[in-house]
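# Secondary and tertiary structure notes
What follows is the residue order along each chain.
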Amino acid sequence: MYQRYSSSKPEDQENSGPCPSTRFLNEAKYMTGLLLQDASNQLDRVEILSQQKMMSDALDTLWHEVEDGSVRVNSIAVLRAAKIVSCPEIGKRLKDPSIDHAKVLRDLRILISTFEYIIKPERT
């Protein structure tokens, strides 16, 4: 399975579309690109933490859309786990003095795949 990761800011990409998780997926894929870049170039930690906050905000927005009934998902339990466990765990690992890039990248890839193949948000 091949996933594309972007090195351009998600704001530069089209965030509207038929898939309500587009913004979250763009943010997560951009975060993955940043981490791949950081592993070799030692990016500024502030940029990485800022991107993690944007990814988390996108997930919160999606959660509120699901609560409001404007978005339907295949598994509310998996979405809740992503919101309450996965995303905060990624944030915690990014705040460690030494980022374990391999573990964070693995968690991000799992989260992206989970959204694309299990949660599958769609407008109601």
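If you're wondering where the values come from, they're calculated on a predicted model, not measured in any experiment.

Take the packing of aromatic side chains next. Throughout the structure, instances matching the rule amount to one aromatic pair. Ring centres 4.3 Å apart and planes at 35° place the aromatic pair Phe 24 and Phe 115 in the tilted group. With Phe 24 in helix α1 (residues 22-41) and Phe 115 in helix α4 (residues 101-119), this residue pair connects regions lying 91 residues apart in the sequence. For the pair Phe 24 and Phe 115, a shared accessibility class is recorded, and that class is buried.

Another aspect to go through is α1. Taking 1.5 Å per residue, 20 residues should reach 28 Å; α1 reaches 28 Å between its end C-alpha atoms and fits that length. Counting buried positions along α1 gives 14 out of 20 residues, so the element sits mostly inside the fold. Downstream of α1 by a residue or two, Gln 42 has a phi angle that is positive, lying close to 55°.

Another point: the nonpolar core. Buried together is how nonpolar side chains tend to be arranged in soluble globular proteins. Counting 27 residues, the largest nonpolar core has Phe 24, Leu 35, Met 55, Leu 79, Leu 94 and Phe 115 as its most contacted members. Those elements giving two or more residues to this core turn out to be α1, α2 (45-68), α3 (76-95) and α4. Apart from the residues within four sequence positions on either side, Leu 35 is in contact with Ile 48, Leu 94, Ile 99, His 101, Val 104, Leu 105 and Leu 108.

To continue, consider the side chain of Asp 107. For Asp 107, the position within the fold is in helix α4. You can call Asp 107 buried: its relative accessible area is 17%. Filtering out sequence-adjacent residues up to four positions away, Asp 107 remains in contact with Ile 90 and Arg 93.

With a phi angle near 40°, Lys 120 is a residue other than glycine that sits in the positive phi range. Mapped onto the elements, Lys 120 comes out in the loop between α4 and β2 (122-123). Lys 120 gets classed as partly exposed once you look at its relative accessible area, which sits at 40%.

Turning next to the packing of α2 against α3. Put simply, α2 and α3 touch, their axes get as near as 10 Å, and they point 170° apart. When the axis of α2 is compared with that of α3, the two are roughly antiparallel. Judged by the twist between their axes, the crossing of α2 over α3 is left-handed. Between α2 and α3, the contacting residues are Arg 45, Ile 48, Leu 49, Gln 52, Met 55, Ser 56, Leu 59, Asp 60, Leu 62, Trp 63 and Val 66 on the first element and Ile 76, Leu 79, Arg 80, Ala 82, Lys 83, Cys 87, Ile 90, Gly 91, Leu 94 and Lys 95 on the second. Its residues placed into classes, the contact of α2 with α3 shows 13 nonpolar, three polar and five charged.

Confidence along the protein averages 85 in pLDDT terms, with 84% of residues attaining 70 or more. Contacts for the low-pLDDT stretch residues 1-5, under 50 throughout, to residues beyond four places or in other chains number 13 contacts. This stretch, residues 12-16, has a pLDDT under 50; its non-local contacts, to residues over four places away or in other chains, come to nine contacts.

Criteria and cut-off values
- Residues numbered from 1 in each chain as written.
- Predicted model: local features only at pLDDT ≥ 70, side-chain atom pairs only at ≥ 80, totals over all residues.
- Heavy atoms only, no water.
- Phe/Tyr/Trp six-rings, centres within 6.5 Å; stacked < 30°, edge-to-face > 60°.
- Helix = DSSP H or I, 4+ residues; strand = E, 2+ residues; numbered from the N terminus.
- Buried < 20%, exposed > 50% of the residue type's maximum accessible area, 1.4 Å probe, protein only.
- Expected span 1.5 Å × (residues − 1).
- Core = buried A, V, L, I, M, F, W, Y, C linked by side-chain atoms within 4.5 Å.
- Contact = heavy atoms within 4.5 Å.
- Axes fitted to C-alpha atoms, helices over the stretch in contact; angles between N-to-C directions.
- Parallel < 35°, antiparallel > 145°, perpendicular 65-115°, else oblique.
- Left-handed = near helix turned anticlockwise from the far one by under 90°.
- Nonpolar A, V, L, I, M, F, W, Y, C, P; charged D, E, K, R; others polar.
- pLDDT = per-residue confidence, 0-100.

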